[in-house]
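Structural features, examined
The chain contents come next:
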Amino acid sequence: MSRESFTAATKRLAGLEAIDFYFARLMTELFDATPETADDWFHILLALSYAQRQGNTCLNLSAIANQTWFAQPDDDKAGYRFPDYDRLHALTQFCLQGDADGCLVYWQGRLYSQRYWQFETDVAETIAARLAVEPLDDGQYSRLAALWPEIFDVDPQSQQNWQQIATASSLSQRFTIINGGPGTGKTYTVTRLMLALQAAYENKLHIQLAAPTGKAAQRLSESVSASLHAIAGEKTAALKPYIPNEAVTLHRLLGLQRFGVQTRKNAVSPLTCDVLIVDEASMVDLALMARLCRALPANAQLVLVGDAEQLPAVESGNVLEALLAEHSSGSVTPAMAAHIKRLCPHLPALPVSETSRSYVQTLQVSHRFAGNIALVATAIKNSDAEFAWRNIKQIDTVQGFNLLENQEVRQLPSQDLSQQLRTLARKSFSNIVKSQSLEEAMTAVNYCRWLSPVRKGPLGVEQLNQQIESALGLGGALNGRTYYRGRPVMVLENQYSQGLFNGDVGLIWPDDEGNLKAWFEKAEGGYRGLSISRLPRVETVFAMTVHKSQGSEFAQVVLFIPDATGSQMDSVCTRELLYTGLTRARQGALLVSSQSRFADVVATRQQRFSGLAQAIVTKLGGNS
């Protein structure tokens, strides 16, 4: 098989890239597979390379056993059918027995490249070392008892308060995941956790806030400041000066340069913090998480905050989902139960289990995300496409539809859209063009956003932005080559000197002298204008990808789900993408999709192969 050319391989295998082929051929030759095993081994290696390109950290042999991969019948590509698991397992063990360099690793039915194996090992070791419950002393419990009534309701409660549970559990172990959907109070909880930590340790902790992107870091800073400002009380007032009010990107925290792999902060030169809190953790890929773990001081606490139901990182790995995969929400270990009871005797007792993973705390009640959107989003999360669709009202035409006042999830068929899109564009964005002031235009920009899974294609972001510009009479500005009054722009790279971050959204608008400038919101309120010549790379953002929208909210969202045009589109349009896009809407959403396409997307999960959860169990001495 190694003698077959790449061109010949692509004629029978769909989705193949050159890197897959040449990696598999090299590894087949390196491991000197026998003629009887070479064909299967070559295709296993193809599948490994392909799986890693799709965001997996390893290849789970049980996922390919007795399955046909790389098939595309429409193009007469039959693909390759793998043998059963026992043969795959024996063959992999046989082929790797002489792997002295360790460039491939086989563990518990999973095949890794050495690089990703080491990443998972580093993360697993860091987490496993921090999972023991560490009881507080009487003085710490006393100080927390004095603070608790200022940050939480301490009246006896019949319903569980998951925000209190998450805060309390995070005080007695050095690794915690605070997981929760939109509106469940993740920032509310993190702010109170920081106050509680400083109370317990008498303001001696250095707490660091971080996020994967500049936009997420800025939002975290603003949200924590607002949450902290809303808390009053004598004890809280004394703690506030010791709470950080600025978050940084993980790249900046680690000293990781763009396009680089080496970090200034590492095991030899660790971070200087006692507690590290990382928001939007679902966006952190495995490689970045491994580098973060290597740089974490031995005694430092790590808190990951995010929503595991949202889209995973663009790069390989889905750390948050992998860590939650084996978790049964709600139960705690006996030691953790005793700790929580002492801090929160007013709350209902939690189920107790010796095998519970108390490091995962899921906030289960949404405090601002309700109504029809929440109903549909929950059904999507639960893979119930039929129930979700029954609660989505169809409109046959956008003519007469009051988009900006919509209060629920509506559906527009995806057929014959050309004229409908022009009308929809005017309904969505004409208020920007009509605005008489910067404040009015900024409000209009942030009120409605179009979202698409893809950049290219008829319903991709690039063409949608062009169609919107044309519908609004901005035809001379196609492709974003011209700056014009009312053009919303998104920053595409961090520019620390200007305080701009990848994902920041601004507006081109004239100043008092009539000169066009780029305006961005200030954290303290108001707007700041920048000369257009000083802007980093930007793009028009009437429409944006669902990935780029993560962490943002809009009153109205128009979400496009393009029809399947091949395996690549199918792999992009997943349940997680649909859930993420829909939950960007606060008030109403218009879904542009057919019922059959909607059902297919809800049924498609973006699950990634990983052995991280099992590696942690192994590090703890559990069954492998």
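Residues numbered from 1 in each chain as written. Predicted model: local features only at pLDDT ≥ 70, side-chain atom pairs only at ≥ 80, totals over all residues. Heavy atoms only, no water.

Looking up the chain in an unreviewed UniProt entry gives the name RecBCD enzyme subunit RecD, with the organism given as Alteromonas pelagimontana. Annotation of the chain in UniProt includes, under Subunit (unreviewed entry), the sentence "Heterotrimer of RecB, RecC and RecD. All subunits contribute to DNA-binding." Looking at the chain in UniProt, the text filed under Catalytic activity (unreviewed entry) is "ATP + H2O = ADP + phosphate + H(+)". (UniProt positions renumbered as here; feature names shortened; annotations may be inferred.)

What follows is about the confidence of the model for the chain. Averaged over every residue, the pLDDT of the chain is 89; the share at 70 or more is 94%. Within the chain, helix α22 (residues 567–572) has the poorest average pLDDT of any element, 63, and strand β9 (residues 275–278) the best, 98. (pLDDT = per-residue confidence, 0-100. Helix = DSSP H or I, 4+ residues; strand = E, 2+ residues; numbered from the N terminus.)

UniProt tags Gly180, Gly181, Pro182, Gly183, Thr184, Gly185, Lys186 and Thr187 as "binding site: ATP" (unreviewed entry). Those annotated residues lining the second largest pocket are, specifically, Gly181, Pro182, Gly183, Thr184, Gly185, Lys186 and Thr187. Along the chain, glycine 180 falls in strand β6 (residues 175–180). For glycine 180, a relative accessible area of 2% puts it in the buried group. With residues near it in sequence (within four places) discarded, glycine 180 still touches Lys186, Gly306, Asp307 and Leu363. By secondary structure assignment, the location of lysine 186 is in helix α9 (residues 186–200). Residue classification places lysine 186 among the buried residues on the basis of a relative accessible area of 17%. Excluding residues within four positions of it along the chain, lysine 186 makes contact with Ile178, Gly180, Gly181, Val305, Gly306 and Leu363. (1 Å grid on protein atoms, 1.4 Å probe; cavity = no way out; pocket = protein on both sides within 12 Å on 5 of 7 lines; lining within 4 Å. Buried < 20%, exposed > 50% of the residue type's maximum accessible area, 1.4 Å probe, protein only. Contact = heavy atoms within 4.5 Å.)

In this structure, the second largest pocket occupies an estimated 1200 Å³ of space. Taken together, 41 residues form the lining of the second largest pocket, with Arg219, Ser223, Gly551, Ser552 and Glu553 sitting closest to its centre. Put simply, the parts of the chain that give the lining of the second largest pocket at least two residues each are α9, α10 (214–229) and β17 (516–521). At eight residues, α10 tops the list of elements feeding residues into the lining of the second largest pocket. Split by residue class, the lining of the second largest pocket holds eight nonpolar, 18 polar and 15 charged. (Points joined across faces, edges and corners; volume = space filled by probe spheres on them. Nonpolar A, V, L, I, M, F, W, Y, C, P; charged D, E, K, R; others polar.)

Across the sheet, which stays open at both edges, the three strands sit in the order β1-β5-β4 with antiparallel pairing between neighbours. At either end of the open sheet lies a strand with only one pairing partner, and these are β1 (59–60) and β4 (104–107). Two strands pair when backbone bridges link them, and β4 and strand β5 (residues 110–113) are joined in this way by four bridges, in the antiparallel orientation. The partner of valine 105 across the bridge, within β5, is tyrosine 112. In this fold helix α5 (residues 85–96) packs onto β4 and β5, with an angle of close to 135 degrees to the strand it touches most, β4. (Pairing = 2+ DSSP bridges. Axes fitted to C-alpha atoms, helices over the stretch in contact; angles between N-to-C directions.)

Turning to the pairing of strand β14 (residues 448–452), a few remarks are in order. For a regular strand, side-chain orientation follows a simple rule: the groups alternate between the two sheet faces. Most of β14 is tucked away: five of the five residues are buried. By the alternation rule, side chains of β14 split into Cys448, Trp450 and Ser452 and Arg449 and Leu451, which are all buried. Note: β14 against strand β21 (residues 554–560), four bridges, orientation parallel. Within β21, the residue paired with cysteine 448 across the bridge is glutamine 556. Relative to strand β20 (residues 543–545), β14 runs parallel, the two being bridged by three bridges. Across the sheet, serine 452 pairs through a bridge with threonine 545, a residue of β20.

Take the pattern of salt bridges next. If you walk through the whole model with that rule in mind, you get 20 salt bridges. Notably, a salt bridge pairs arginine 294 with aspartate 122, separated by 2.7 Å at the nearest N-O pair. Placement of arginine 294 in helix α13 (residues 286–295) and of aspartate 122 in helix α6 (residues 114–128) is noted, with a sequence separation of 172 residues between them. A relative accessible area of 31% means that arginine 294 is categorised as partly exposed. Judged by its relative accessible area of 13%, aspartate 122 falls in the buried class. Lysine 517 is the partner of aspartate 511 in a salt bridge, and the nearest nitrogen-oxygen pair spans 3.8 Å. (Salt bridge = Lys/Arg side-chain N within 4 Å of Asp/Glu carboxyl O.)

The assigned domain composition of the chain is domain 1 (6–116), domain 2 (130–365) and domain 3 (372–477 + 541–603). Here the C-alpha centroids of domain 1 and domain 2 sit 39 Å apart. With six residues of domain 1 in contact, the opposing surface of domain 2 contributes four residues. Overall, the association of domain 1 and domain 2 removes approximately 390 Å² of surface from exposure, summing both partners, and the carbon and sulfur fraction of that is 57%. (Domains from an automatic or database assignment. Buried area = accessible area lost by both parts, 1.4 Å probe.)

Running from N to C, helix α16 (residues 371–381) and helix α23 (residues 575–582) point in directions that differ by 165 degrees, and their axes come no closer than 9 Å. When the axis of α16 is compared with that of α23, the two are roughly antiparallel. The crossing of α16 and α23 is left-handed. For the pair α16 and α23, contact is made by Ile373, Val376, Ala377, Ile380 and Lys381 and by Arg575, Leu578, Tyr579 and Leu582, respectively. Each residue belonging to the contact of α16 with α23 can be placed in one class, and the counts come to seven nonpolar, no polar and two charged. (Parallel < 35°, antiparallel > 145°, perpendicular 65-115°, else oblique. Left-handed = near helix turned anticlockwise from the far one by under 90°.)

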